[in-house]
Amino acid sequence: MKIVEVQERTPDLISRLLAVWEGSVRATHLFLSDGEIKSIKEYVPQAKGFYERMGFRVYKRTDYDEQGNPYPLLYMNLI
């Protein structure tokens, strides 16, 4: 394995990294529903900062997920 430092964080790279993250969570956390996976990002304190460093910003926050469960959601978009 070769570790390479990223020189430029393109939207394509960010999309690919997010896909790897989500695929990993879905493969290893079978007990989580789709809504819980979406909500996890706010419960992991470093996640919000990570996504903000990648160029995302919160544009909306809810106290409940789409199914009415008490899982706060942060809606972010790439700026």
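Parameters at a glance
- The residue numbering used here restarts from 1 in each chain and proceeds along that chain's sequence as written.
- Only residues with pLDDT of at least 70 are given local features in this predicted model, and only at 80 or more are side-chain atom pairs given and counted; all residues enter the totals for whole chains, interfaces and linings.
- With hydrogens and water excluded, all non-hydrogen atoms of the structure serve as input to the side-chain values.
- In plain words, nonpolar cores are sets of buried Ala, Val, Leu, Ile, Met, Phe, Trp, Tyr and Cys residues tied together by side-chain atoms within 4.5 Å.
- Burial classification: accessible surface area is computed with a 1.4 Å probe over protein chains only, and a residue below 20% of its type maximum counts as buried, one above 50% as exposed, and the rest as partly exposed.
- Throughout, a residue-residue contact means that at least one pair of heavy atoms, one from each residue, lies within 4.5 Å.
- Salt bridges are defined as contacts in which a side-chain nitrogen from Lys or Arg sits within 4 Å of a carboxyl oxygen from Asp or Glu.
- Helix and strand assignments follow DSSP, with helices taken as H or I runs no shorter than four residues and strands as E runs no shorter than two, numbered in order from the N terminus.
- Definition of a polar contact: a pair of N or O atoms within 3.5 Å, with one able to donate and the other able to accept a hydrogen when the atoms are protein atoms, and with sequence-neighbouring residues admitted only if both atoms are side-chain atoms.

- The chain carries the name Acetyltransferase in an unreviewed UniProt entry, which gives Candidatus Lachnoclostridium stercoravium as its organism.

1. Some details on the nonpolar core
Link 1 in the chain: The biggest cluster of nonpolar side chains holds five residues, and these are Ile 14, Ala 47, Tyr 51, Met 54 and Phe 56.
Link 2 in the chain: Excluding anything up to four places from it in sequence, Ile 14 contacts Arg 9, Met 54, Phe 56 and Leu 78.

2. Some points on the pattern of salt bridges
Link 1 in the chain: Overall, the coordinates contain five salt bridges when judged by the stated rule.
Link 2 in the chain: Linking Asp 12 and Arg 16 is a salt bridge whose minimum nitrogen-to-oxygen distance equals 3.7 Å. Placement of the pair is Asp 12 and Arg 16 together in helix 1 (residues 11–28), with a separation of four residues, close to one helical turn.
Link 3 in the chain: Residue Asp 12 is classed as partly exposed on the basis of its relative accessible area, which comes to 49%.
Link 4 in the chain: Judged by its relative accessible area of 53%, Arg 16 is exposed.
Link 5 in the chain: Close ionic contact of Arg 26 with Asp 34 constitutes a salt bridge, the shortest N to O distance being 2.6 Å.

3. Details of the side chain of Asp 65
Link 1 in the chain: Relative to the helices and strands, Asp 65 resides in the loop between strand 1 (56–62) and strand 2 (73–78).
Link 2 in the chain: A polar side-chain atom of Asp 65 sits 2.8 Å from the main-chain amide nitrogen of Asn 69.

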